[in-house]
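# Summary of structural features
The residues making up each chain are set out below.
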Amino acid sequence: AFHFDMQSSFRDLYLRRPSTTTPAMIEIADKLVTVCATMNEYPHIRFRSTSDLCKTLADIFHNKMNEFVGNNTNWWYYGDAAHSARDRSTLLLLDRADDCLSPLVHEFTYQAMVNDLLPIEDDRITFQAETVGTAAENEAETIAKDAPLNEN
């Protein structure tokens, strides 16, 4: 992950007409080309299809990266025919509307959710079950181990 410390670019990026190019976008694309060229990366570009900001920035970056590759015939990148030890990288563009932290904070499994949200003691959880007019305390055993693997 890279941060260009461009605090004054917020206004240029978010208070603009859709599909317009701003000086901040050109500067960001130039800096991204520099980072990619330094790392010998010619990345695939991914962004949310509904983000006009990311689409415009991706188009500018793609054009500038293609121009760089065309002007520097001796430059190589990972994933080309001569350097296939690893695939091309992926540049993921996110704007402020995207929640980029939540997928990194929590696993997307029921077991992880149970471990985070319910108190577990001796592989058992105790929870309050409520139905119309009654409340009862129930217990359930968690499945923390893979049963077929633990039989031996």
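The following refers to the structure shown. A quick note: this is a predicted structure, and the numbers were derived from the prediction, not measured.

## Description of unusual backbone geometry
- A positive phi is found at D5, a non-glycine position, where the angle reads about 50°.
- Considering the arrangement of structural elements, one finds D5 in the segment before α1 (9-14).
- Exposure remark for D5: the relative accessible area of 52% places this residue in the exposed category.

## A look at the pairing of strand β4 (residues 124-131)
- Direction of pairing for strand β3 (residues 120-121) relative to β4: antiparallel, over a ladder of two bridges. Directly across from I120, in β4, lies its bridge partner I125.
- Two successive antiparallel strands, β3 and β4, enclose a turn made up of two residues, where D122 displays a positive phi of approximately 55°.

## So, the side chain of T22
- Considering the arrangement of structural elements, one finds T22 in the loop between α1 and α2 (23-38).
- Owing to a relative accessible area of 8%, T22 belongs among the buried residues under this scheme.

## Details of helix α3 (residues 52-71)
- When the terminal C-alpha atoms of α3 are compared, their 29 Å separation across 20 residues agrees well with the 28 Å that a helix rising 1.5 Å per residue should span.
- Of the positions making up α3, those classed as buried are L53, C54, T56, L57, A58, I60, F61 and M65.
- The inward-facing, buried residues of α3 abut α1, α2, β1 (44-47) and β2 (90-93).

## Regarding the nonpolar core
- Ranked by size, the top nonpolar core spans 23 residues in total, and within it F61, M65 and L93 carry the most contacts.
- Aside from chain neighbours lying at most four places away, what touches F61 is A29, L32, V33, C36, P43, I45 and L91.

## Quick look at a nonpolar patch on the surface
- Judged by side-chain polarity, Y110, M113, L117 and L118 come together as a nonpolar surface patch covering roughly 440 Å² of accessible area.
- Examined against the element boundaries, Y110 turns out to sit in helix α5 (residues 110-117).
- Residue classification places Y110 among the exposed positions, given a relative accessible area of 68%.

## As for the packing of α2 against α3
- Their axes nearest at 9 Å, the elements α2 and α3 cross at an angle of 50°. When the interaxial angle is binned, α2 and α3 end up oblique. Between α2 and α3 lies a crossing of right-handed hand. Residue-level inspection shows M25, I26, I28, A29, D30, L32, V33, C36 and A37 of α2 in contact with α3, the latter providing L53, T56, L57, I60, F61, K64, M65 and F68.
- Partitioning the contact of α2 with α3 into residue classes produces 14 nonpolar, one polar and two charged.

## Some details on the packing of aromatic side chains
- Evaluation of the coordinates by the stated rule reveals five aromatic pairs.
- Geometrically, the ring pair formed by F68 and W75 is edge-to-face, given 5.2 Å between the ring centres and 80° between the ring planes.
- Residue class for W75 comes out buried when judged on its relative accessible area of 17%.
- An aromatic cluster of at least three residues, connected via ring pairs, comprises Y42, F68, W75 and Y77.
- Lying across the ring of Y78, R86 places its NZ or CZ 3.6 Å from the centre.
- Across the ring face of Y42, the terminal group of R88 is positioned such that the distance to the ring centre comes to 4.6 Å.

Definitions and cut-offs
- The residue numbering used here restarts from 1 in each chain and proceeds along that chain's sequence as written.
- Since the coordinates come from a predicted model, pLDDT governs what is reported: local features require at least 70, and pairs of side-chain atoms require 80 or more to be given and counted, while whole-chain, interface and lining totals use all residues.
- Note that the side-chain values use all heavy atoms of the structure and ignore hydrogens as well as water.
- Starting at the N terminus, helices and strands are each numbered in turn, a helix being any DSSP run of H or I of at least four residues and a strand any DSSP run of E of at least two.
- Throughout this description, buried means an accessible area under 20% of the type-specific maximum (1.4 Å probe, protein chains only), exposed means over 50%, and partly exposed covers the range between.
- For two strands to count as paired, DSSP must find a minimum of two bridges between them.
- The length a helix should cover is 1.5 Å for every residue beyond the first.
- By definition, residues are in contact when any of their heavy atoms lie within 4.5 Å.
- Remark: nonpolar core denotes a set of buried residues (Ala, Val, Leu, Ile, Met, Phe, Trp, Tyr, Cys) joined through side-chain atoms within 4.5 Å.
- Residues qualify for a patch when their relative accessible area is over 30% and they have no salt bridge, like charges being joined within 9 Å and the nonpolar side chains of Val, Leu, Ile, Met, Phe, Trp and Tyr within 5 Å.
- For every accessible area listed, the method is Shrake-Rupley and the probe measures 1.4 Å; residues are considered covered only by the protein chains on display.
- Salt bridge, as applied in this entry: a Lys or Arg side-chain nitrogen positioned within 4 Å of an Asp or Glu carboxyl oxygen.
- In this analysis an axis means a line fitted to C-alpha atoms, helices contributing only their contacting stretch, and an angle means the value between N-to-C directions, from 0 to 180 degrees.
- The labels follow the angle: roughly parallel below 35 degrees, roughly antiparallel above 145, roughly perpendicular from 65 to 115, and oblique for the rest.
- A crossing counts as left-handed when the near helix is turned anticlockwise from the far one by less than a right angle, and as right-handed when that turn is clockwise.
- Classes in brief: Ala, Val, Leu, Ile, Met, Phe, Trp, Tyr, Cys and Pro nonpolar; Asp, Glu, Lys and Arg charged; the others, Gly included, polar.
- Under the pairing criterion, centres of Phe, Tyr and Trp rings, with the six-membered ring standing for Trp, must be within 6.5 Å; the plane angle then separates stacked pairs below 30 degrees from edge-to-face pairs above 60, leaving the rest tilted.
- In this analysis the charged atom, NZ for Lys or CZ for Arg, is taken to sit over a ring once it is within 6 Å of the ring centre and within 35 degrees of the ring normal.

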